[in-house]
Amino acid sequence: NCGSGRTKPSAMARDSNLQVLSALDAAKTQLYHFTAIIIAGMGFFTDAYDLFSISIVTKLLGRLYYYDPGYPKPGTLPPNVAAAVNGVALCGTLAGQLFFGWLGDKMGRKKVYGLTLVLMVVCSLASGLSFGKETKGVIATLCFFRFWLGFGIGGDYPLSATIMSEYANKRTRGAFIAAVFAMQGFGILAGGIVGLIVSAIFDHAYNRPAYSVDPVGSTAPQADYIWRIILMFGAFPALLTYYWRMRMPETARYTALIAKNAQQAAKDMSKVLQVEIEAEEDKLEKIMAEPANSFGLFSRKFLRRHGLHLLGTTTTWFLLDIAFYSQNLFQKDIFSAIGWIPPAQTMSATNEVFRIARAQTLIALCSTVPGYWFTVALIDIMGRFAIQLMGFFFMTVFMFALAIPYHHWTLKANRIGFVVMYSFTFFFANFGPNATTFVVPAEIFPARLRSTCHGISAAAGKAGAIVGAFGFLYAAQPTDPTKTDKGYPPGIGVKNSLIVLGCVNFLGLLFTFLVPEAKGKSLEEMSGENEEDATNAGADASTRTVPV
């Protein structure tokens, strides 16, 4: 019996928790935790790979399908097409987060999890295929399948987070959920590396002159395979984990607290934890009879108990993603400015893909990936609240430091300084709110609404991403109509855009105060699911922002 390994829950939740859940909370870190991280993390790997690889490929699509004879520069995607190709996956993700988040609470985490994975694999492969050779057909097919790819990826957000939080123990739960999210870093690296390898092979096989030497000859017809191979490769990591995903038992919290099957929950977790666990059906019935375990998402009780929490998780994620996704704006300017990527007309098509992939991989290695792992290492020591507050604070500081003396940074002598400051902004996004906004919604809501609430929070984030990626594409255009990118109206300029982003980060810092601290507490303590009704008034106090 694993009773001896149980830690003593707080006074309020004393012994009213099921043994199977207490056993999970008190379990020592073991192999199944790491298996769960890898299985759950593969969705994020694919997510980051897909979102990231499209930016490597858009320049090539412009050269292949929008070549303008007589124009001194290679073809580029028109603004509306660029917005569609980049943004359609984000729109799909937003819809998928809401739909699959809700479905995960209705049908079970595991069933829906397999569904999202199949969708991701099929759509990754299909996005590399096209109906016909005409520009319209190619772009329309690409956008169609990227929308549904996004839809599958969207389902992965609430489900991966919920599964990991429900499997983890109390002590290291934050680190485990953050580690699932940190697999994004590896996805980004993989995107860069696959881009490098594929473009290098094609560059070697079909060595073409630069665009300025021979506009037509600079793009080998075979280059059309490059973007297809890069996009289709995203299906393989997801496919590899399908078998393991289907072998993983349903989480005990879903089986017991939602499906109300204590017997099955005890049986599944006895296998996983390799200890004997009692079913405790009577205790489950008693817990389920509590009024605290029956209110719905749109009830007054939810509003009173978790309303501010949901407001906190949605607003902070929304504000963070505005800043986080607008980085794509400056990447190409930054790379061209430091001379990592020479002007487009001095390169052949395959060479350009290679240069862009190299630059993005370097940025990922230096600033993106380390930030994630700092969070994993420190989240259960510092707590979610402190990391999120610190992250937003430094993002605000660095954005203003870039914006106010913006002219100073554009001078050639100061370019390296600009890149260092820019990298710091993203280091503190990942060692900060980018990771914590993902972790917290999986910990603070009741089991029967956990996946739904995480989906709502994540969808708010994606809405912010759409604002960041597109609003700022237009906003960052120069105020002088003669200097804008081809096809864009004049905007407010990069300096003012950066000032707006600084303000957005500051707002994120303020809304962080609505989010409670879950460090070291069990999921049931946070959501108040196993309290007697008499203590309900105290429940509100126990899940406030300040750790109790």
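Each value, and the rule that gives it
Residues numbered from 1 in each chain as written. Predicted model: local features only at pLDDT ≥ 70, side-chain atom pairs only at ≥ 80, totals over all residues. Heavy atoms only, no water. Helix = DSSP H or I, 4+ residues; strand = E, 2+ residues; numbered from the N terminus. Expected span 1.5 Å × (residues − 1). Buried < 20%, exposed > 50% of the residue type's maximum accessible area, 1.4 Å probe, protein only. pLDDT = per-residue confidence, 0-100. Contact = heavy atoms within 4.5 Å. 1 Å grid on protein atoms, 1.4 Å probe; cavity = no way out; pocket = protein on both sides within 12 Å on 5 of 7 lines; lining within 4 Å. Points joined across faces, edges and corners; volume = space filled by probe spheres on them. Nonpolar A, V, L, I, M, F, W, Y, C, P; charged D, E, K, R; others polar. Phe/Tyr/Trp six-rings, centres within 6.5 Å; stacked < 30°, edge-to-face > 60°. Polar contact = N/O pair within 3.5 Å; in protein donor to acceptor, adjacent residues only side chain to side chain.

### Considerations on helix α20 (residues 493-511)
The end-to-end C-alpha distance of α20 is 27 Å, a good match for the 27 Å that 19 residues give at a rise of 1.5 Å each. Considered for burial, the residues of α20 that qualify are G493, V494, S497, L498, L501, G502, V504, N505, G508 and L509.

### Digging into unusual backbone geometry
A positive phi angle, near 55°, is found at K260, a position not held by glycine. Mapped onto the elements of the fold, K260 is located in the loop between α9 (252-258) and α10 (262-273).

### Structural notes on the confidence of the model for the protein
Summing up the model confidence of the protein, the mean pLDDT is 85 and the portion of residues at 70 or higher is 91%. Throughout residues 1-14 the model reports pLDDT below 50, and contacts reaching past four residues in sequence, or to other chains, amount to 25 contacts. Overall, residues 533-548 carries pLDDT values under 50, and its contacts beyond four positions in sequence, including any with other chains, amount to 36 contacts.

### Description of the layout of surface pockets
For the second largest pocket, the calculated volume is near 480 Å³. Around the second largest pocket sit 15 residues that line it, and Y32, T35, R247, P249 and V272 are the ones nearest its centre. Among the secondary structure elements, those contributing two or more residues to the lining of the second largest pocket are α2 (31-65), α8 (235-247) and α10. Looking at the lining of the second largest pocket, the element that brings in the most residues is α2, giving five residues. Its residues assigned to classes, the lining of the second largest pocket shows nine nonpolar, three polar and three charged.

### Points about the packing of aromatic side chains
Under the definition given, this model contains 39 aromatic pairs. Ring centres 5.7 Å apart and planes at 70° place the aromatic pair F44 and F181 in the edge-to-face group. Within this pair, whereas F44 is found in helix α2, its partner F181 is found in helix α6 (residues 173-205), the two being separated by 137 residues in sequence. What makes F44 buried here is its relative accessible area of 1%.

### A short note on the environment of S299
Along the chain, the position of S299 falls in the loop between α11 (281-289) and α12 (300-325). A polar contact is formed between the side chain of S299 and the backbone oxygen of G296, at a distance of 2.7 Å.

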